[in-house]
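In case you want the letters, here they are:
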Amino acid sequence: MTASDLLPLPVALPLLAAGVKLAIGQRLPRTQRFISAGVLCAVLGASLALLVAADRDGPQVMHTGTWPASVGITLVADRLSGLMLVVSAAVTLCVLIYSIGQGMADQDAATPLSVFHPAYLILVAGVCDTFLAGDLFNLYVGFEIMLTSSYVLLTLGGTAARMRAGATYVVVSLLSSVLFLVAIGMVYAAAGTVNLALLAGRLAELPSGVRLLLQLALLTVFGIKAAVFPLAAWLPDSYPTAPAPVTAVFAGLLTKVGVYSILRTQTLLFPGGRLADPLMLVALLSMVIGILGAVAQTDLKRLLSFTLVSHIGYMVFGIALASRGGIAGSVFYVAHHITVQTTLFLVAGLIERRGGTTDLLRLGGLARISPLLAVVFFVPAMNLAGIPPLSGFLGKLGLLRAGIANGGGWAYVLVAGGIVTSLLTLYALAKVWNLAFWRAAPPDLCEDGTVLESDEDSADAEEGGSGPVPAPPSPPSPPSPGEDSGATAVPLPAGAAHAASLSGRPITTTAALPAPMLLATCAMVALGLSFTVLAGPLTGLADRSASELLSRTPYVSAVLRH
């Protein structure tokens, strides 16, 4: 058995487990949780083996069914794919543990087991398929697997807010899917294949105008999926309404799949940096407009959504430079950002569970009330802001050095924009710290045992009159009017994300945060810090990945010789 024999496992294992769990339904909850966690551990192990083999022996290739590359499905794991698989597997495992803890804390076992777990495993399979795809059509299939499951996860529970956000997400995703199919048809009509290794040679023989049209078509599709400006307007309204584990994995992984696709196609299919200046402009606008949007927010989830858009700009900046230093910086920063952004959204879920809301104007005193919660927010926040010596600083430093080495006018503008964006990121996150953690707790901060109103309860209140409406039965039950109890239904202000469980039911604030949720978040913080501790080896791996991507020969030769 060789390492290439492991290539189907990151895709096949989650799909198989999802089918088993759908057949089991709501029965055997402990067994089901063990299956989900065990499968993701196996995916992590296979991904680590593929990364080691790709770094030691070169790209690992499998032609499924022994069909030739020109007509069959090809799976390829080079250094970039292997790194993305390892990071995504580790992140999805931690988020799964977090979601198990949330379902147990909410006494809401049915929805996580019968709906969330199968859809989540299918999402993991789709993400892995996109990283391993060796042709454009299989890449499209990976996107569709991922997006189909994401529709279910985003609208989980069927609350009004989630259905509204899901409608926007579905329309944008369907549009990008149609455009992707059109782009694939154009590529096949022009080159006679959709295999990436074959396209690397055939596209160079096409007229420059045709190549430019194909490049723009693919960039538009992947730009929508990566949420670069001006194609990111859908993201801040879609992500914050979902449950915390769903928002975390969406923010950490789904946009990075788009960035990965841009990185792969720009280096393998369209080398030379022909669209370097437009890409730099897109990177600059994403960074600046995204972070200005974040600074203006008073809701934590929306603020983090805008920082997500902003920091995609750093990754596009490195791709636009098309140099070894720029590509290496992008590879390192993508891996770093997956972990840090996911961690911050998980922390947002803990803040909502402890403080009753993510509205910064209604929070305060969390550093005194929950010191551990303050720590698990502060560390990834400073990492995202790029404070030395954390990995966020190292990634940005590598990109800025590559920009200065480029010496072009646009590159210097991007260097200045990157510095300003980093400072504004620090300002936005310092605002969160001051309002939610450092200042004194406001008098209306939700107490332990408060049952938070769901968005459907709020809509009922608006139709039937003023005042809080008791939440649906959920332990502990809200008191009847006139009772003096710590458990009261608290309506959230307009525009704030409504607190709800995986199934859309109201959640109850707790002084002691659920252990699995806190453990998973601490594990994510540790994973982010490991990028700092292992910065030397990871930087070397990113540099070797950049060299391999720019050379193109190792990838093409490995695919065509099998």
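Check the entry above for the structure.
What counts, and at which threshold
- Residues numbered from 1 in each chain as written.
- Predicted model: local features only at pLDDT ≥ 70, side-chain atom pairs only at ≥ 80, totals over all residues.
- Heavy atoms only, no water.
- Helix = DSSP H or I, 4+ residues; strand = E, 2+ residues; numbered from the N terminus.
- Contact = heavy atoms within 4.5 Å.
- Areas by Shrake-Rupley, 256 points an atom, 1.4 Å probe, with all protein chains shown as cover.
- Expected span 1.5 Å × (residues − 1).
- Buried < 20%, exposed > 50% of the residue type's maximum accessible area, 1.4 Å probe, protein only.
- Phe/Tyr/Trp six-rings, centres within 6.5 Å; stacked < 30°, edge-to-face > 60°.
- Pairing = 2+ DSSP bridges.
- 1 Å grid on protein atoms, 1.4 Å probe; cavity = no way out; pocket = protein on both sides within 12 Å on 5 of 7 lines; lining within 4 Å.
- Points joined across faces, edges and corners; volume = space filled by probe spheres on them.
- Nonpolar A, V, L, I, M, F, W, Y, C, P; charged D, E, K, R; others polar.
- Core = buried A, V, L, I, M, F, W, Y, C linked by side-chain atoms within 4.5 Å.
- Disulfide = S-S within 2.5 Å.
- Axes fitted to C-alpha atoms, helices over the stretch in contact; angles between N-to-C directions.
- Parallel < 35°, antiparallel > 145°, perpendicular 65-115°, else oblique.
- Patch = residues over 30% accessible without salt bridge, like charges linked within 9 Å, V, L, I, M, F, W, Y side chains within 5 Å.
- Salt bridge = Lys/Arg side-chain N within 4 Å of Asp/Glu carboxyl O.

Caption draft 1: Representation of the overall build of the protein in the model. Check the secondary structure of the protein and you find 21 helices and 4 strands. In the protein, the proportion of contacts linking residues at least 24 apart, taken out of those at least 6 apart, comes to 81%. Of the roughly 19600 Å² of accessible surface on the protein, 68% is carried by carbon and sulfur atoms.

Caption draft 2: Structural view of helix α2 (residues 29–57). Given a rise of 1.5 Å per residue, 29 residues ought to cover 42 Å, and the 42 Å separating the end C-alpha atoms of α2 matches this to within 8%. For α2, the complete set of buried residues consists of Q32, S36, V39, L40, V43, A46, S47, L50, L51, A53 and A54. In the segment just after α2, G58 is the residue with positive phi, at about 100 degrees.

Caption draft 3: Structural detail: the packing of aromatic side chains. This structure, assessed with the given rule, holds 16 aromatic pairs. Centroid distance Y151 to Y169: 6.0 Å. Interplanar angle 75 degrees. Geometry classified as edge-to-face. A residue pair is termed long-range when its members are at least 10 positions apart, and Y151 in helix α5 (residues 136–154) and Y169 in helix α6 (residues 160–191) qualify at 18 residues. A residue is classified by how much of its surface remains accessible, and Y151, at 18% relative accessible area, is buried.

Caption draft 4: Broad picture of the environment of M280. Within the secondary structure layout, M280 lies in helix α11 (residues 276–295). When the C-alpha atoms of M280 and G313 are compared, they prove to be 8.6 Å apart, with 33 residues separating the residues in sequence. Excluding anything up to four places from it in sequence, M280 contacts A320, L321, W410, A411 and L414.

Caption draft 5: Quick look at the pairing of strand β2 (residues 74–77). Here β2 shows no split at all, with T74 and V76 on one side and L75 and A77 on the other all buried. In this sheet, β2 lies alongside strand β1 (residues 60–63) in antiparallel orientation, the contact comprising 4 bridges. Looking at the pairing, H63 lines up with T74 of β2.

Caption draft 6: Up close: empty space enclosed by the protein. One pass over the structure, following the stated rule, counts 8 cavities of 30 Å³ or more. Lining of the largest cavity is provided by 13 residues; of these, L147, Y169, S173, K225 and W234 occupy positions nearest its centre. Taken together, the elements giving at least two residues each to the lining of the largest cavity come down to α5, α6, α8 (208–226) and α10 (244–268). Sorting elements by how many residues they give to the lining of the largest cavity places α6 first, with 4 residues. Among the residues forming the lining of the largest cavity, the class breakdown is 9 nonpolar, 3 polar and 1 charged.

Caption draft 7: Seen up close, unusual backbone geometry. Geometrically, the link from F229 to P230 is a cis peptide bond, its omega value of 5 degrees lying close to zero. One can find P230 in the loop between α8 and α9 (235–238). Omega for the bond connecting P388 with P389 falls within 30 degrees of zero, at 0 degrees, which places this linkage in the cis form. Examined against the element boundaries, P389 turns out to sit in the loop between α15 (371–385) and α16 (391–406). In this structure, A227 takes a positive phi of about 65 degrees despite not being glycine. Here A227 is to be found in the loop between α8 and α9. Judged by relative accessible area, which is 1%, A227 ranks as buried. Notably, R552 is not glycine yet its phi reads approximately 70 degrees, a positive angle.

Caption draft 8: Spotlight on the nonpolar core. Of all hydrophobic cores here, the largest spans 175 residues; its most connected members are M84, Y169, F180, Y239, F250, F377 and F437. With 16 residues, helix α13 (residues 324–355) is the largest single contributor of residues to this core. In contact with F250, not counting residues within four places along its chain, are L123, S150, L153, L154, Y169, Y239 and T255.

Caption draft 9: Structural detail: the state of the cysteines. Enumeration according to the criterion identifies 0 disulfides in this entry. Counting only cysteine sulfurs, C41 is the nearest neighbor of C94, a cysteine outside any disulfide, at a range of 9.6 Å. Of the residues examined, C94 reaches a relative accessible area of 12% and is grouped as buried.

Caption draft 10: Layout of the packing of helix α12 (residues 300–321) against α13. Look at α12 against α13: their axes get within 9 Å of each other, and the N-to-C directions meet at 175 degrees. Put simply, α12 runs roughly antiparallel to α13. Of the residues in α13, those in contact with L300, K301, L304, S305, T307, L308, H311, Y314, M315, G318, I319 and L321 of α12 are G326, I327, S330, Y333, V334, H337, Q341, L344, F345, A348, I351 and E352. Broken down by class, the residue content of the contact of α12 with α13 amounts to 14 nonpolar, 8 polar and 2 charged.

Caption draft 11: Here's a closer look at a nonpolar patch on the surface. Residues L281, W410 and V413 make up a contiguous nonpolar surface patch of roughly 230 Å² in combined accessible area. Using a relative accessible area of 36% as the deciding quantity, one classes L281 as partly exposed.

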